[in-house]
Each structure stands twice: as structure tokens, then as C-alpha cells.
Amino acid sequence: MRINQIRVKDIHNVVELIGEVCSIREPEHIIIGIKWECPACGTLLTTRPSIEDKKTYPPYRCPCGRKHNFRMISQEVTDIRKIKIKEFEGIIGISIPVSVWLSENLIDENIKRGDKIKFKGTIILSKREQNHYSLIANEILKLNPL
Ligand SMILES: [Zn+2]
């Protein structure tokens, strides 16, 4: 699939996406899961922040009905790296770069600007970037030349 073929129906689907790398960021450390304890009944609850969301929201409510003062017990963290890819030169049409979040197993890949890459991952809608599409990539299927 090409960047300018992504549509709303693809959100949350696993796709193979190709593009040319146009920006690369350093790896960063993010929270992917938080365990909370209910102060009323002791139940442990887990919340999963979105990949872009750095806030640690507590659970909305416990099965016992409690809604406040949950105590944070532990955090599950991972390393992630963000790059941006764009359509190849010569493609006609609008081409907004798409953010690609490289999961922990991919952050050490030797990726450079100008590389043409085919990724496998899940399409999400990026709230941080004006509702553009992003890809959470778990696999690189092919790197230069495509
Ligand atoms: Zn409870």
C-alpha cells in the first residue's frame, strides 16, 4: 500500500506500507501500560496509554464502582523511535508525510533519510498531528531497493 492510498477503513488494520524516509528522531522511552490499585477493594486495573499520549490517565472506574484515587502500582515501558515517510518522487497527488513508530525490535535498524522501506504494521489516526494517519510498525519487510 502507498501512503496516499490510506483511508479511514484502514484504521486499526495491519497493512504493508511503502515510503521514503524523510525524517528520523532519536529513540524515546514511552509508557505502554500502567497498573493501578483500587483503594476500596484492592482490584488491580491496567490502563494502556496511546502511543502518542504521554499522560497517565487512571482507570475510569473499578468494577466495584469506585472512580477516584486509584494508586499507581507499576508502569510497563518500552523504547520506540519515530520516523516520517513520504511518497516517492514523481507520484501525483497530495502527499502528506506519515509518521511511523518503530517498535522496540526495530529501533536499532540502520535507517537513513532517503531509504525506501516497506513496513508491516497497524494504521492509527494521529491525534497529535491534526488527524493524519500514522503507522505502528512491527516489521520491516524490505529495505532499499524496493
Ligand atoms: Zn474497586
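Since the structure is predicted, the reported quantities are computational estimates derived from the model, not experimental observations. (Residues numbered from 1 in each chain as written. Predicted model: local features only at pLDDT ≥ 70, side-chain atom pairs only at ≥ 80, totals over all residues.)

## With respect to the overall build of the chain
Stage number 1. Helix and strand counts for the chain come out as zero helices and seven strands.
Stage number 2. Shown N-terminal to C-terminal, the secondary structure of the chain runs as helices and strands in the order β-β-β-β-β-β-β.
Stage number 3. Going through the 146 residues of the chain one by one, you find that 21% of them count as buried.
Stage number 4. Excluding contacts between residues fewer than 6 apart, the proportion of contacts in the chain whose partners are at least 24 apart in sequence is 64%. (Helix = DSSP H or I, 4+ residues; strand = E, 2+ residues; numbered from the N terminus. Buried ≥ 20, exposed ≤ 12 C-beta atoms within 10 Å, placed from the backbone. Contact = placed C-beta atoms within 7 Å.)

## Quick look at the domain arrangement of the chain
Stage number 1. On domain assignment, one finds that the chain holds domain 1 (3–28 + 80–143) and domain 2 (31–78).
Stage number 2. On a C-alpha basis, the centres of domain 1 and domain 2 stand 30 Å from each other. (Domains from an automatic or database assignment.)

## Considerations on the nonpolar core
Stage number 1. Among the nonpolar cores identified, the biggest contains 17 residues, and Ile85, Val100 and Leu135 are the most heavily contacted of them.
Stage number 2. The set of elements that each furnish at least two residues to this core consists of strand S1 (14–24), strand S4 (71–86), strand S5 (98–102), strand S6 (116–126) and strand S7 (132–143).
Stage number 3. In terms of residue count, the dominant contributor to this core is S5 (four residues).
Stage number 4. Those residues in contact with Ile85, other than ones at most four positions away along the chain, are Ile3, Gly19, Glu20, Val21, Cys22, Pro97, Val98, Val100 and Ile117. (Core = buried A, V, L, I, M, F, W, Y, C linked by C-beta atoms within 7 Å.)

## A word on the pairing of S5
Stage number 1. For S5, the buried fraction is high: five of the five residues fall into the buried class.
Stage number 2. Of the two faces of S5, the one lined by Val98, Val100 and Leu102 and the one lined by Ser99 and Trp101 are each fully buried.
Stage number 3. Two strands pair when backbone bridges link them, and S4 and S5 are joined in this way by five bridges, in the antiparallel orientation. Across the sheet, residue Lys84 finds its bridge partner in S5, namely Ser99.
Stage number 4. Here S5 pairs with S7 via four bridges, running parallel. Directly across from Ser99, in S7, lies its bridge partner Ser134. (Pairing = 2+ DSSP bridges.)

## Description of unusual backbone geometry
Stage number 1. Although it is not a glycine, His12 adopts a positive phi angle of roughly 75°.
Stage number 2. Looking at where His12 falls in the secondary structure, it is placed in the segment before S1.
Stage number 3. Residue Asn69 is not a glycine yet carries a positive backbone phi of 60°.
Stage number 4. Note on placement: Asn69 falls in the loop between strand S3 (44–47) and S4.

## Describing the environment of Ile140
Stage number 1. Within the secondary structure layout, Ile140 lies in strand S7.
Stage number 2. In this structure the C-alpha to C-alpha distance between Ile140 and Val100, which are 40 residues apart in sequence, comes to 11 Å.
Stage number 3. With residues near it in sequence (within four places) discarded, Ile140 still touches Leu106, Glu109, Ile117 and Phe119.

## Re the pairing of S6
Stage number 1. Pairing geometry for S1 and S6, over seven bridges, is antiparallel. For Leu17, the partnering residue across the bridge sits in S6 and is Phe119.
Stage number 2. With ten bridges connecting them, S6 and S7 associate as antiparallel partners. Along S7, the bridge assignment pairs Ile124 with Ser134.

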